Structure formats: structure tokens, C-alpha cells
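Descriptive analysis of the structure
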Amino acid sequence: MRQKNRPDKDQKTDQQLGMGRRIMRRDFVQGVGLAALGLGVVPDSANALPVTAKDADYPPTKTGLRGSHPGSYDAAHAMAREGKSFSNATPLDEAYDLVVVGAGISGLAAAYYYRQKMGADANILILDNHDDFGGHARRNEFHQGGEMRLAIGGTHNLEYWQFSNAVNKLMSELGVDVKVLRTEPNFSYDYKKDEGTAFWFDAETYGENKLVKGFSIRGWSSSYSVETIDQFPISKEARKQLKAFYSARKDILRGQSDEQRERALREMPYLTFLEQHGGLGEEAQQLFHNASHGSWGMDIRCFSTYEALDDAMPGWHLLGEKLPAWERDYPAAFFPDGNASLARLMVQNLIPSVCPNVTAGNIALGKFDYGELDSSNETVRLRLSSTAVNARNSKGGVDVSYIREGKILSVRSKQCVMACYHSIIPHICPDLSPQQSDALKYQVKIPLLLTNVLIRSAAPLNKLGVKGARCPGRMHNAVIALQGINTGGYEHLLSDDGAVPLMFWGSLAAPRQVKHIKDQLRASRHGMLSLSFEDYEREVRTVLDGFLGPAGFDVQKDILAITVNRWPHGYSYSYMDLWDPDWPEGQMPHEIASKPFGNISIANADAGADAYTHVAIDEAYRAVNELTA
Ligand SMILES: Cc1cc2nc3c(=O)[nH]c(=O)nc-3n(C[C@H](O)[C@H](O)[C@H](O)COP(=O)(O)OP(=O)(O)OC[C@H]3O[C@@H](n4cnc5c(N)ncnc54)[C@H](O)[C@@H]3O)c2cc1C
């Protein structure tokens, strides 16, 4: 909870924060006086991107409220919140072998596997409610002074490389080599101490703006000095507690077997662990509250001790483990636009005319012609801004209706894969059994926020000697410079102190009085959708002014663009120690939810109850096999 230590009169006005100034907003592309070389062409020189008049229709360059952008969820909310059903669809004269609902990684992979199995002649229609494809795997693209700067608009990277054979095969066919995509040492968030791990305390919460370098609550290691805590603008007592916590060496579960230890850690809330075993009072605990907002999208109060330690929160030193000289081994493979490049590679494979010559080696530079996505010349068609509202088994096939530009339209297909998030499926498929509908609704997705801000120069960060900071008092827990991800043909060297995108990463905290985890997630989603662009803009301006202002950053002039990626339905919910029962084998909600019915099967990462890209792909593979076996 914010402590509101600083009186409001000391806060800067909107005008002082530069709120009225013109920045790149929706549909506005700046600084791109390059020769128009035509869409679908991959330029030779790194980052020089051809731009044409069609750029207004090129969603990656759109700024403002993105992610789940305004207009994309109206039909779904009308069904789910108001119980509205859409009938009297106008049938289109189009027939498909497969309709896929959802053009996220799972839906695209489903189309890919189906075509591979059924042949290149298979007619496939992919529907998505957004104006861009990829689902969470979203590309943000900025242009400034002729340079293109890419940012991750949703899914960051490929993690944990023990992929299934199906995923490995897909990667190899797309030319994706995860080892080549490993970007360290150039980019590893702010996990490494020598890369400038820092904590930024804001005046509104802590009474003064203060940057404390060489400290991380998450990546605590023996290489950090507890003396750093003396610099924290918190009470003397809270500082004393924190220093004692990090200095302690004991084993609170001494004498217990491994099994007993695990059970104890899974049953103990992490906040209880911090309080009872770490000796931290409420003020000290507050520093931990939003620390896992990015990696898990949840408040730390939702976590068991086991889950928190697994997410690199401190505590092993109270369990008899030595503090590691912590260099997080994080096997992550990055494209500069996150896994949007993977989505683009799949789309290019399915519909080559969108960008004929692109490969995994230059995918980040490929300019896609969105006009080609839904072309009658191709066997695979991707139809954006189209929300599926009904899918029904009938006469040996499936009738699928959707809303596009206010019209209810329907197509006939032999088969259908639902690759959208699960909680909407019972509203689209009213013929499902009540048991399956309830299981699908058990999945309450975890909201996430990724706000990308293009700033004029990396110089203020370099002057401070940091790559970003963790902000325990703010809406976004982390601010991280997206620089040094030189893959997919793209280059943004660390030595370049020109314009740089800063990724503000986190989630909205639910009010403290909201207790149950699912109510917290719903409250967070509600809050995220209730805020205006100006609310987000004010937030990032306030942070940048306080954080980088002392290093010469001018909040009125140095912000060039802001793209707020809201993901109200973000990570798939995985079962949590403190909140979910143990089900008998085969009876877990996601297992019941993802059963096929008639000619419809169910994919999406939700089907694996695990928020990973490779899970989304595995579930697509299963869903396609269920239809084609
Ligand atoms: C901010 C963020 C960061 C992440 N980072 C990582 C990461 O670093 N590594 C990793 O492995 N995973 C990450 N994940 C998780 C990962 O993105 C997902 O597991 C995976 O991409 C999900 O793909 P999907 O296709 O299952 O679902 P989605 O990406 O949600 O795609 C489903 C699509 O279906 C659409 N849809 C829903 N309803 C309808 C309808 N009625 N009609 C038409 N379309 C509909 C949705 O809007 C969406 O576009 C992240 C997720 C988020 C939100």
C-alpha cells in the first residue's frame, strides 16, 4: 500500500510533467523520411526500415493504449458480463477445413500443424479479436530519426529449453535456434549486479526520490552488501529488520526430511515466513509486495514460501542454504520484439505473401503487409478485428460466427480449434456440458502490464550507471532498458546512447482488502481497464522525472512515445499452493476443460495451465491431433 508520505502539494502538475506535449500517439509515425521501398521487402542494412503510406494500417507502430486495445473486447464483454448472445448471423460464401479461434502462438501453431498434417491445400481461417496477430506475443515498433527501435509488447522470450519434440521440430522448421538467440551478456534484464541492479524509492511513497544502486530484493546474493540498506528512505527500525534478515544464517526446518520441508514451505505463506522467521514488520515487508508483479503478475501475498523462493525471492539463507554469489542462470532466448518474431515467422510460413523473403535471421526487420493477411489467393487466411461469438457442431461440421465491424457473420468449417483463452469458450460454445463449462471458467487469467516508453537518449541511464530499477512503490515494479538484444537481424548496441525504449513491467495491485486470489486478479483486471491513457502517462512521467531527472532527463522534452500494453487476460493461471486443492489425476480443471467435443478441440496455454510459449504450442499440437487422428 502506498504510504503517501509526501504531501500532494509537492507533486508536479500535469503541465510540469509535460502531459500536454505532443508525443507519438496512436497511428502516428515520426521521423521516417526514408525512401519507400515497398511492403514485404527486407532491407539490407540493419534497422533501416522501408515505410509507406500504408503505415497507418501497420499495427506494430501504433502507440497509446495497445495490448488489449479499446474496441477489441467489447463483444466478448457483452457476452461474458451482460449475458448477450449474438444470433442471426449473415452466412458468408466461404467454406474451410479448419477455423481457428485466436491468432496467438497457440492458434498459429494449430494452423501450422493442421496444414502439415492435412496438406498444403487445407483451407484455414484464423480469427482474432485484435487488430494485430500473435496474442500476447506483440511487437511494438518505434521510429525516430530514421532508426527503428523495437520493444517487447507482451511475451518476452523462450524459456526453459527442454521443449517437447513437437516444439523442437517447429523451432527447427522455422529456423529458430534458441542458443543463437541467447542474448547474454548484452541483455539479462537487471539481474546481474555489475549491470547496475538498482532500487528506486519514490517520494510519494517514501518521502523522497532516491536511487539505491547495487541492491536487488529478488536477486539477493552474497555479493550485495547489507550496508546498502542504510541508504533506504524508510524508518530506522525497518532498516534494522532488513539488515538482520539478510545477515541471518540458520535453518528453520532443521531435522525435517526433504518431504516434510517441502510440505512446510508449500503451506506457509511467504509473508508469514518473512514476518515470523525473517523478523520483518509491515514496513519492511512492503518492499516485497510488488516484487513478483512482472514474473508472476501477482502480489507476494498470494505466494507460498516454496513458490516465492522458486521465483528468486530471498529466504534460502534461513533454510540452511548458503547465499549464492548470485548470477542468475536464466536460459532465455530473445528476439528484440519478444516472441512476436516467432508469431511473425509462423504467419509468414502460413501466408508467404505477407513478407516473402524473411527468415529467422532477419525476421525482426521484416515489414509485414497486413493487407495480405486475409487474401482469397492464399489457402490460409488470418482475419483480424473479428471476435468469434458462436461455434456449434452441426451436420458433420462446425458453424462459426463472429463479429467484425459491427456485423455478425458466419462461416462453415469441417473442424475448429478454440485457441482463445478458456473462460470465454463457454460463451462461444453454449452446447458444452456444465462440467466442462465450469472447468473452463476455473481459469482466471493473470493481468499484466507492459508500458513501453521511448526516451530520447540512453545517456541519463548511462550517467547513473544502471540499466533500470525496481520500484517498490509504483504501479510498474520494474523499469528496464530494452537495449542489447541483437538478434533477428536487429541491432541496438549498448554503446548507442540514442533513443532507447524503456519497458515498464508489472501489474496493478488489487486493493489490500480484496483477499481471495481470484478476486485479486479480477480487481486488478478491472483497475487496468478503468485507467485512461493519461493515467498511465502521468505514472510513467512521474517515475522518469524522479528516477532519471537528476541525471539530466527532461520530462517535458525527452519522452518521444508511449505504448501501454494492457493484458487483462495475461498469464494462464497455474495452480497455487495456498489457493487450490489437490485433484485426483485427470480431474484437474484444465484437464476437463481441454477435452474435445464433436469437431471442436481446445488449445491455448490455458489448456496446460502454464503460461509459457512452448506450452501454448504443445497444446496446439494435441488439439490438432485430436481432430485429425
Ligand atoms: C506480458 C506477458 C509476458 C509473457 N512472457 C512470457 C515469456 O517471456 N515466455 C513465455 O514462454 N511465456 C510468456 N508469457 C506467456 C505466453 O505469452 C503465453 O503462454 C502464450 O503466448 C499464450 O499463447 P496463446 O496462443 O495460448 O494465448 P494468447 O496469446 O492469449 O492468444 C489467444 C488469442 O485469442 C484471442 N481471442 C480471445 N477470444 C477470442 C474470440 N472470441 N475470438 C477471436 N479471438 C479471440 C485473444 O485475444 C488472443 O489474441 C507472457 C504473457 C504475457 C501476457
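Residues numbered from 1 in each chain as written. Predicted model: local features only at pLDDT ≥ 70, side-chain atom pairs only at ≥ 80, totals over all residues. Heavy atoms only, no water.

Here helix H2 (residues 105-118) crosses helix H17 (residues 613-628) at 40°, and the two axes come no closer than 8 Å. When the interaxial angle is binned, H2 and H17 end up oblique. Handedness of the H2/H17 crossing: right-handed. Contacts between H2 and H17 involve Ile105, Ser106, Ala109, Ala110, Tyr113, Tyr114, Lys117 and Met118 on the former and, on the latter, Thr613, Ala616, Ile617, Ala620, Tyr621, Val624, Asn625 and Thr628. Along the lines of polarity and charge, the residues of the contact of H2 with H17 split into 11 nonpolar, four polar and one charged. (Axes fitted to C-alpha atoms, helices over the stretch in contact; angles between N-to-C directions. Helix = DSSP H or I, 4+ residues; strand = E, 2+ residues; numbered from the N terminus. Parallel < 35°, antiparallel > 145°, perpendicular 65-115°, else oblique. Left-handed = near helix turned anticlockwise from the far one by under 90°. Contact = heavy atoms within 4.5 Å. Nonpolar A, V, L, I, M, F, W, Y, C, P; charged D, E, K, R; others polar.)

In this structure, His476 sits in strand S16 (residues 476-481). Among the residues examined, His476 registers a relative accessible area of 2% and is labelled buried. At 2.8 Å, the side chain of His476 and the side chain of Thr451 are in polar contact. If we ignore the near neighbours within four places in the chain, the residues touching His476 are Leu449, Thr451, Cys471, Phe504, Trp505, Gly506, Glu539 and Val540. (Buried < 20%, exposed > 50% of the residue type's maximum accessible area, 1.4 Å probe, protein only. Polar contact = N/O pair within 3.5 Å; in protein donor to acceptor, adjacent residues only side chain to side chain.)

With that settled, the discussion passes to the nonpolar core. If you look at the biggest cluster of nonpolar residues, it comprises 57 residues, and the most contacted ones within it are Ile126, Phe133 and Leu382. Every element with two or more residues in this core is listed here: strand S2 (90-101), H2, strand S3 (124-127), helix H3 (165-174), helix H10 (340-350), strand S10 (380-383) and H17. Among the elements that make up this core, the one with the highest residue count is H2 (eight residues). Not counting residues up to four positions away in its chain, the partners in contact with Phe133 are Ala103, Arg138, Ala343, Arg344, Val347, Phe368, Tyr370, Leu373, Leu382 and Leu384. (Core = buried A, V, L, I, M, F, W, Y, C linked by side-chain atoms within 4.5 Å.)

Take the packing of aromatic side chains next. Tallying each qualifying case throughout the model produces 22 aromatic pairs. Consider the rings of Phe245 and Phe288, whose centres lie 6.4 Å apart with planes at 75°: the pair is edge-to-face. Separated by 43 residues along the polypeptide, Phe245 in helix H5 (residues 236-247) and Phe288 in the loop between helix H8 (282-286) and helix H9 (305-310) bring together distant segments of the chain. A relative accessible area of 1% means that Phe245 is categorised as buried. A relative accessible area of 0% means that Phe288 is categorised as buried. Taken together, the ring pairs connect Phe199, Phe201, Tyr206, Phe215, Phe232, Phe245, Tyr246, Tyr270, Phe273 and Phe288 into an aromatic cluster. Stacked on the ring of Tyr306, the Lys or Arg Arg266 has its end atom at 3.8 Å from the ring centre. Lying over the aromatic face of Tyr442, Lys518 brings its terminal NZ or CZ to 3.3 Å of the ring centre. (Phe/Tyr/Trp six-rings, centres within 6.5 Å; stacked < 30°, edge-to-face > 60°. Lys NZ or Arg CZ within 6 Å of the ring centre and 35° of its normal.)

A word on the site of the ligand. Not every one of the 34 residues close to the ligand is listed here, only the nearest: Asp128, Asn129, Thr155, Asn157 and Thr613. At 2.8 Å from an oxygen atom of the ligand is found a side-chain nitrogen or oxygen belonging to Asp128. Within the backbone of Ala388, one N or O atom sits 2.9 Å away from a nitrogen atom of the ligand. Within the complex, 98% of the 1000 Å² of free accessible area of the ligand lies under protein. In terms of residue class, the shell around the ligand is made up of 16 nonpolar, 16 polar and two charged. (Near = heavy atom within 4 Å. Areas by Shrake-Rupley, 256 points an atom, 1.4 Å probe, with all protein chains shown as cover.)

The next subject is H10. In terms of residue burial, H10 counts as a mostly covered element, since 10 of its 11 residues are buried. Among the residues of H10, Ala340, Ser341, Leu342, Ala343, Arg344, Leu345, Met346, Val347, Gln348 and Leu350 are the ones counted as buried.

Tallied over the full model, the rule gives 34 salt bridges. In this structure, Glu141 and Arg139 form a salt bridge, with 2.9 Å as the shortest nitrogen-oxygen distance. The burial state of Glu141 is the same as that of Arg139; both residues are buried. When the shortest N-O distance is used, the salt bridge between Asp519 and Arg522 registers 3.5 Å. Of the two residues, Asp519 and Arg522 are both situated in helix H14 (residues 517-530); the distance of three residues between them amounts to about one turn of the helix. (Salt bridge = Lys/Arg side-chain N within 4 Å of Asp/Glu carboxyl O.)

A word on the environment of Glu321. Looking at the element boundaries, Glu321 is found in the loop between H9 and strand S9 (332-334). Here Glu321 falls in the partly exposed class, since its relative accessible area comes to 40%. Along the primary structure Glu321 and Asp251 are separated by 70 residues, whereas in three dimensions their C-alpha atoms are 7.8 Å apart.

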